[in-house]
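Descriptive analysis of the structure
Spelled out from the first residue to the last, the chains are:
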Amino acid sequence: MSPQLGFHSLHDEATASIGVEGSLPPWLTGSLLRTGPGAFSMPGGSTVEHWFDGLAMCYRFTFDPGDRAGATGAADAVHYRNRFLRTDAYRAARAGEFAGGFATGETTLRERLFSLLDAPYDNTNIVVERIGDRYLALTESPRRVVVAPDTLDTEGDDQYDGSAPAGQLACAHPKRDPATGTLVNVETAFGRTHQYHVHALTDAGDRRHVGSVDTDAPAYMHSFALTPRYVVLTEFPFRVDPLRFLKPGRQPPFIEQFDWQPDRGTRIVVLDRTTGETVAAPTTDALFGFHHVNAFERDGGREIVFDLETVPDAGGIGELSLDTLRDGSLSAITGRLERFTVDLGGDRYGPGDATVTRTMLYDDGTALPTASPARWCRPHRYVYAMSMDQPASDWAGGVLKIDTRSGDVVEHAGGADYFGEPIFVPGPDETADAGVVLTVTLDTAAERSRLLVLDGETLAERARVTLPHAAPFDFHGRYFPEITVRE
Ligand SMILES: [Fe+2]
């Protein structure tokens, strides 16, 4: 068994109604939209070397109420579709001119950042988020690609009007406040003074400037934490070297412009969403992470709690080159689930008073952790994640449900060789773990991917749907109950 098949190029674009083995709960209607790198080599001759640089592909799995087989509640089919996004990156790749953008290709850092304003990098392979009735494929540039939720056709770019200050980089993961529907994001602006700009995006398409934070050397931040009152940036010591920023000539690709500077520690910046002011900025140990799972407030807002998947340093990014992944020589430290508690201190507006406490929740190997969307910005009990060896010796062989209160862990393995990001879909009563967990898996012997529907409480398999092909491992999915197309 080898994970090599999970890093192949999928050129097949399928539309299929696929029979369900097992049964689905009657309330499960809607669609899972997933996004990831679909191909690493294209017919035009373009190839990339890093997993993150693969060409964006979207996948839709629709549980349609019209397919329910009478009183049993069992669905008889899931509608599946996969499509490459028809982006500038896709067209360049077909012409043999695509050189990645994250860890493949070379240019000056200044060219790379500022060309984003004129010809932004649009290989939006990380996640699809909804704003109003638009579904936007996102990556770490400010460019947002509109995707039709039924056909997965690419429908151009999304633009914001208005005067909110913009940046040249964006966090890949905006955070949604379910109480208001607002989507908050952070952009990094390089200039005489480097700044992080925080924005609030409404369903009407308005973009409001919440506040900005100065930094002497911008950090690589893939996500951040959101509570009802606060935005929390974890400014890891993986920083752009400002001197390199000005240096002329050819340079290594984007991610190699960041240096690990552990002496800086990790600055945790707490921004008030109402005033835009930085209310605390304590520093904790040097660490790195991609994914904030969820965050909430305690003690009337005096404490902020966020769960973050951490690794000791940023060295593991280089391990995600396709050579390493395909030949099975991955050996990086995999994720650990940690809880950070920021005590804002007696004087909420005295940044010097704040303290940070770290608590290990699970250190035995995770990837792509998630929480129930019904708990976003509120206290959550359960975290779901891919189950990795620690350190990695292979790709994920299962999925985990971690009880952050008791420390209990449930694992599902079996039914497939490799597992992707688990997405919890809450049931109608939204109790803590009543629902299902959706995960796309890979059966290497059958050379097929398979969507598994697991019971939210026990992680026992309830149903499976086998795709007409093997899909490469992808990044992130979101469940949209309102998307109920029939094909
Ligand atoms: Fe991500």
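This section reports on the structure supplied with the text. Please read all numbers here as calculations on a predicted model, not as lab measurements.

**Observations regarding the sheet that holds strand β6 (residues 127-131)**
If you trace the 4 strands from one edge of the open sheet to the other, you get β6-β7-β8-β9, paired in antiparallel fashion. Looking along the sheet, the strands with just one partner apiece sit at the ends: β6 and β9 (154-158). Geometrically, the sheet is characterised by an average inter-axis angle of 40 degrees between neighbouring strands, direction not taken into account. The sheet contact formed by strand β8 (residues 144-147) and β9 spans 3 bridges and is antiparallel. Opposite Arg144, over in β9, you have Asp158 as the bridge partner.

**Re the coordination of the iron ion**
Here the iron ion is held by the protein donor atoms His173 (NE2), His222 (NE2), His291 (NE2) and His476 (NE2), which lie 2.1 Å from it. Classification of the site at the iron ion as irregular follows from its 4 donor atoms and the range of 89 to 165 degrees in their angles at the metal. Here the donor residues for the iron ion map to a single chain with the spacing H-x48-H-x68-H-x184-H. Taken together, the residues span a long stretch of sequence, with His173 in the loop between β10 (169-170) and β11 (175-176) and His476 in strand β34 (residues 476-480) at a distance of 303 residues. With respect to burial, His173 and His476 carry one shared label: buried.

**Topic: the sheet that holds strand β1 (residues 15-19)**
Strand order in this open sheet of 5 strands is β1-β5-β4-β3-β34, and the pairing throughout is antiparallel. Each edge of the sheet is formed by a strand with only one pairing partner; in this case those strands are β1 and β34. Across the sheet, the mean angle from the axis of one strand to that of its neighbour is 20 degrees, orientation sign disregarded. When strand β4 (residues 55-63) meets strand β5 (residues 77-84), the two strands line up antiparallel, connected through 6 bridges. The partner of Cys58 across the bridge, within β5, is Arg83.

**Regarding the pairing of strand β7 (residues 134-138)**
With 4 of 5 residues buried, β7 is to be regarded as a mostly interior element. Where β6 meets β7, 5 bridges bridge the pair, whose relative direction is antiparallel. When the sheet's bridge partners are listed, Val127 is paired in β7 with Leu138. The turn linking β6 back onto β7 is made up of 2 residues, and Gly132 within it adopts a positive phi angle of 65 degrees. In terms of strand pairing, β7 meets β8 through 3 bridges, oriented antiparallel. Paired with Leu136 across the bridge in β8 is Val146. Adjacent in sequence and paired antiparallel, β7 and β8 are bridged by 5 residues.

Parameters and conventions
Residues numbered from 1 in each chain as written. Predicted model: local features only at pLDDT ≥ 70, side-chain atom pairs only at ≥ 80, totals over all residues. Heavy atoms only, no water. Pairing = 2+ DSSP bridges. Helix = DSSP H or I, 4+ residues; strand = E, 2+ residues; numbered from the N terminus. Axes fitted to C-alpha atoms, helices over the stretch in contact; angles between N-to-C directions. Donors = N, O, S within 2.8 Å, 3.2 Å for Na, K, Ca; no water. Tetrahedral: all angles 85-135°; square planar, octahedral: opposite > 155°, others 65-115°. Buried < 20%, exposed > 50% of the residue type's maximum accessible area, 1.4 Å probe, protein only.

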